[in-house]
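Chain residues, written in single-letter form:
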Amino acid sequence: MENILMNQIDYLSNFKIEPSKKRIIILQGLPGSGKSTFAKALSEQCFKNEIKNLIASADDFFMDNGEYKFDQLKIKDAHEECYQKYYHFFRKDYQLIFIDNTNLSRWERKRYIKLAQKNLEKIDFIDIIYFPCSPEVSFKRNSHNVPLEVIQNMEKRIQQDNSCETYIRNFNFGEEP
């Protein structure tokens, strides 16, 4: 895991973004697969390289004085707040945003991709980065105490895309890839 993380950080932290362009990184994986760790590490590296960025995560909604307090009844509100952060990303001077949710199914990514399509003239690149992880390892590593059987059910919903280009093209025509 650490080598994968370092390779991704080396690759992505050295990219250049045109000052007038934005880059979107949609993270995909089970809880505990390393998405948030990756986003935080790369975000710090990007700030060092003077690339203004932000992380949009539904988890932030459930943080209360540094403690994670999940409430299933508020999950829709959490995702809406995350999306609003992403929406405002296009109107601010950030160059990079991480969408740090599980994003397991295409429908979970669809809103983000559709808004990106409306702002194509501002976008340099879109990455969908998948973090492979078995449910058992995910269960041991996830910091939100998600039960193993829930993670196993989440794994069944994973829909990977071969490339974001294919994904965007399919959504341009309103089709589910």
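Colleague: So what about the overall build of the protein chain? Which residues, and what values?
Modeller: When helices and strands are tallied, the protein chain shows seven helices and six strands. For the protein chain, the sequential pattern of α-helices and β-strands runs α-β-α-β-β-β-α-β-α-β-α-α-α. Across the protein chain, the fraction of contacts at a sequence separation of at least 24, relative to all contacts at a separation of at least 6, is 77%. For the protein chain, the computed accessible surface area is about 10200 Å², with 49% contributed by carbon and sulfur atoms.

Colleague: Which residues make up the packing of aromatic side chains, and what values go with them?
Modeller: Counted by the stated rule, this structure contains 11 aromatic pairs. Residues F89 and F90 carry aromatic rings whose centres are separated by 5.2 Å and whose planes lie at 70° to one another, so their mutual orientation is edge-to-face. The ring centre of Y94 lies 4.8 Å from the NZ or CZ of K52, which sits over that ring. Positioned over the ring face of Y87 is R91, at 4.1 Å from the centre of the ring.

Colleague: Can you lay out the pattern of salt bridges for me, pointing to particular residues and giving the numbers?
Modeller: What the rule picks out here adds up to six salt bridges. The salt bridge involving K85 is made with D60; its shortest N-O contact spans 3.8 Å. In this pair, K85 sits in helix α3 (residues 75-89) while D60 sits in the loop between β2 (53-56) and β3 (63-64), placing the two residues 25 residues apart along the sequence. Judged by its relative accessible area of 35%, K85 is partly exposed. By relative accessible area, which is 40% here, D60 ends up partly exposed. Two residues, D64 and K69, come together in a salt bridge whose shortest N-O distance is 3.1 Å. Judged by relative accessible area, which is 34%, D64 ranks as partly exposed. Classification of K69 by relative accessible area gives partly exposed; the value is 42%.

Quick notes on the rules
- Residues numbered from 1 in each chain as written.
- Predicted model: local features only at pLDDT ≥ 70, side-chain atom pairs only at ≥ 80, totals over all residues.
- Heavy atoms only, no water.
- Helix = DSSP H or I, 4+ residues; strand = E, 2+ residues; numbered from the N terminus.
- Contact = heavy atoms within 4.5 Å.
- Areas by Shrake-Rupley, 256 points an atom, 1.4 Å probe, with all protein chains shown as cover.
- Phe/Tyr/Trp six-rings, centres within 6.5 Å; stacked < 30°, edge-to-face > 60°.
- Lys NZ or Arg CZ within 6 Å of the ring centre and 35° of its normal.
- Salt bridge = Lys/Arg side-chain N within 4 Å of Asp/Glu carboxyl O.
- Buried < 20%, exposed > 50% of the residue type's maximum accessible area, 1.4 Å probe, protein only.

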